[in-house]
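# Tertiary structure, described
Each chain, letter by letter, is given below.
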Amino acid sequence: MSVERRLAHDWFAQPLPPNVVIGERSWLYSTFAFGHYRSQRPCGVRIGHDSGIYIGTIFDLGPVGELQIGNFCTINGPIIATNRRIVIEDYALISFGVVIADSFAAVPPRSMHRVESRGEGQHTGEPSIVIGENAWIGARAVLLAGARIGRGAIVGAATVVDFDVPPFAIAAGNPARIVGSTRP
């Protein structure tokens, strides 16, 4: 028999999904973030210690979706949509309105059995999107499958990325291009 876990401060009446792990001293604004969450992985979402998951954040994970958020991260209202694996490393900062999605379209919950039966929705364990340590993602940026944001890199507001951004690079534009460096 599993015990329902609830956030003491939460305004939303739903319990935290049982396959979500939240590290010590981390903050999750509300379980409302899991309204589109369908992950059946043993650990669908793992949030490291001392991280903040703030208002507006949406976890839209399919049945085999998996998300790892590191330590000391600030996640300020993005939509994270995957049926694969996304990794956000330590000290990352993700601004409001960001979309992190590794599929071109969302799949309605009732049609997930059809997607799985076609062999889609399986993942190999390799992340489809990685946000490196101390990377900053600006407001309304869009990170698509294949995006690998290097350590210390900055992705500008409203930038669309689907490729490797080198460590300490600054990416901007739609489509994104490297426009500078954070190194002096």
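Treat the numbers as computed from the prediction; the structure is a model and nothing was measured.

Here we take up the sheet that holds strand β13 (residues 136-137). One open sheet accounts for eight strands, arranged β2-β4-β7-β10-β13-β16-β19-β20; its pairing is mixed. For this open sheet the edge positions go to β2 (27-28) and β20 (177-181), each flanked by a neighbour on one side alone.

Another aspect to go through is the environment of W136. For W136, the location among the structural elements is in strand β13. Owing to a relative accessible area of 45%, W136 belongs among the partly exposed residues under this scheme. Between the C-alpha atoms of W136 and R151, which are 15 residues apart in sequence, the distance is 9.3 Å. Setting aside residues no more than four positions away along its own chain, W136 makes contact with L93, A153, I154 and V155.

With that settled, the discussion passes to the pairing of strand β19 (residues 169-172). Taking every second residue as pointing to the same face, the buried face of β19 carries A169 and A171, while none of I170 and A172 on the other face is buried. Pairing of strand β16 (residues 154-155) with β19, which is carried by two bridges, proceeds in the parallel orientation. Bridging across to β19, I154 finds its partner in I170. Hairpin connection, β19 to β20: the antiparallel pair is bridged by four residues, and G173 has positive phi, about 105°.

The next thing to look at is the packing of aromatic side chains. Counting across every chain of the model gives six aromatic pairs. Measuring from centroid to centroid gives 5.4 Å for W11 and F12, while their planes differ by 65°, and the two rings are edge-to-face. Its relative accessible area of 51% is what places W11 among the exposed residues. Here F12 falls in the partly exposed class, since its relative accessible area comes to 25%. Aromatic side chains F34 and Y37 sit 5.1 Å apart centroid to centroid with 90° between the ring planes, which places their arrangement in the edge-to-face category. The class of Y37 is buried, set by a relative accessible area of 11%. Following the ring pairs from residue to residue traces out a cluster consisting of W11, F12 and F32.

Of all residues in the protein chain, 87% attain a pLDDT of 70 or more, and the chain-wide mean is 91. Predicted confidence for residues 114-120 stays below pLDDT 50, and this span has four contacts to residues more than four positions away or in other chains.

Another point: the sheet that holds strand β15 (residues 148-149). One open sheet holds the seven strands; their spatial order is β1-β3-β6-β9-β12-β15-β18, and the pairing between them is parallel. Of all the strands in the sheet, just β1 (20-22) and β18 (164-165) have a single pairing partner and so form its edges.

This next bit is on a nonpolar patch on the surface. Together, W27, Y54 and I55 make up a nonpolar patch on the protein surface, roughly 290 Å² of accessible area in all. Within the secondary structure, Y54 sits in the loop between β4 (52-53) and β5 (58-61). The exposure class assigned to Y54 is partly exposed, which follows from its relative accessible area of 34%.

Glancing now at the environment of Y54. Distance in space between the C-alpha atoms of Y54 and L28 is 6.2 Å, their sequence separation being 26 residues. Setting aside anything within four residues of it in sequence, one finds Y54 in contact with W27, Y29, T74, I75, N76 and G77.

Attention now goes to the nonpolar core. One finds F59, I88, I131, L143 and I149 to be the most contacted residues of the largest nonpolar core, which totals 38 residues. Elements with a minimum of two residues in this core: β3 (45-47), β5, β6 (66-69), β9 (85-88), β12 (129-131) and β19. Those residues within four positions of F59 in sequence are excluded, and the remaining contacts are L28, A33, F34, H36, Y37, I53, L67, I69 and I80.

Conventions used here
- Residues numbered from 1 in each chain as written.
- Predicted model: local features only at pLDDT ≥ 70, side-chain atom pairs only at ≥ 80, totals over all residues.
- Heavy atoms only, no water.
- Pairing = 2+ DSSP bridges.
- Helix = DSSP H or I, 4+ residues; strand = E, 2+ residues; numbered from the N terminus.
- Buried < 20%, exposed > 50% of the residue type's maximum accessible area, 1.4 Å probe, protein only.
- Contact = heavy atoms within 4.5 Å.
- Phe/Tyr/Trp six-rings, centres within 6.5 Å; stacked < 30°, edge-to-face > 60°.
- pLDDT = per-residue confidence, 0-100.
- Patch = residues over 30% accessible without salt bridge, like charges linked within 9 Å, V, L, I, M, F, W, Y side chains within 5 Å.
- Areas by Shrake-Rupley, 256 points an atom, 1.4 Å probe, with all protein chains shown as cover.
- Salt bridge = Lys/Arg side-chain N within 4 Å of Asp/Glu carboxyl O.
- Core = buried A, V, L, I, M, F, W, Y, C linked by side-chain atoms within 4.5 Å.

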